[in-house]
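# Structural overview for review
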Amino acid sequence: MTFWWCLVVFLGVLAISSGQLAWSPIQVESNNQVDLFTRQASGCPCLWRSPVDPQDTDCACCVRGGCQCGEISTGRCVQCGLEMNCLNMCNITLDSRALQNSSGLSFGQIKSPILQGPVTCKYYLRPVAGQRVELQVYRLVQVGHFTGQRCEGGSLRFGESIGGTETSRSAELCGANERYSPPA
């Protein structure tokens, strides 16, 4: 089964004050923007080429906090600090302090690759002590189906890992083609 899902990760500096779920809108700068970090797919010099030729505008234009993916994906930007994961954002650790240092931002976006299953793709979120971690799922595409009681054929599972061991607290999302507004 092929699936694709998009997950936006927000690592805020607020402490959790209650168990109530809420979400903070993270929006692109304009309606024609490609994604959170790519303003447009071409029109800017390729900063990864040496020397940089200002006349060569074949590369993506990035928003503040975004960096060009380079030769592997010339039309895309990703959050600075995650360039090595431009085409394969699977099984990575997102450290809020490292992302803040590289991009100047305390939030980011994960776009999973198109995968042929069964496969497991893990994301470890490492906040600074006292930081709130907020996950926003905007869309699921072909990630299992809900039978009325459980997910079958795949799911997006949220859990907690302490010392490398998963705890029993977890939640799951699954769906054939689901858009969430507001995000789940």
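Reading the values: the criteria
- Residues numbered from 1 in each chain as written.
- Predicted model: local features only at pLDDT ≥ 70, side-chain atom pairs only at ≥ 80, totals over all residues.
- Heavy atoms only, no water.
- Core = buried A, V, L, I, M, F, W, Y, C linked by side-chain atoms within 4.5 Å.
- Buried < 20%, exposed > 50% of the residue type's maximum accessible area, 1.4 Å probe, protein only.
- Contact = heavy atoms within 4.5 Å.
- Helix = DSSP H or I, 4+ residues; strand = E, 2+ residues; numbered from the N terminus.
- Polar contact = N/O pair within 3.5 Å; in protein donor to acceptor, adjacent residues only side chain to side chain.

Counting 13 residues, the largest nonpolar core has Val-78, Leu-82, Met-89 and Leu-94 as its most contacted members. Beyond its immediate sequence surroundings of up to four residues, Val-78 is in contact with Phe-37, Gly-65, Gly-66, Cys-67, Cys-69, Glu-83, Cys-86 and Met-89.

Now for unusual backbone geometry. Pro-51 follows Ser-50 through a cis peptide bond whose omega is -5°. Tracing the backbone shows Pro-51 in the loop between strand S2 (38-44) and strand S3 (59-62). Although it is not a glycine, Asn-91 adopts a positive phi angle of roughly 55°. Counting through the fold element by element, Asn-91 comes out in the loop between strand S5 (77-79) and strand S6 (92-95).

Of note, Glu-134 is situated in strand S10 (residues 132-143). The class for Glu-134 is buried, based on a relative accessible area of 5%. Polar contacts involving the side chain of Glu-134 include one to the side chain of Arg-132, which spans 2.3 Å. Side chain to side chain, Glu-134 and Gln-136 meet in a polar contact 2.7 Å long.

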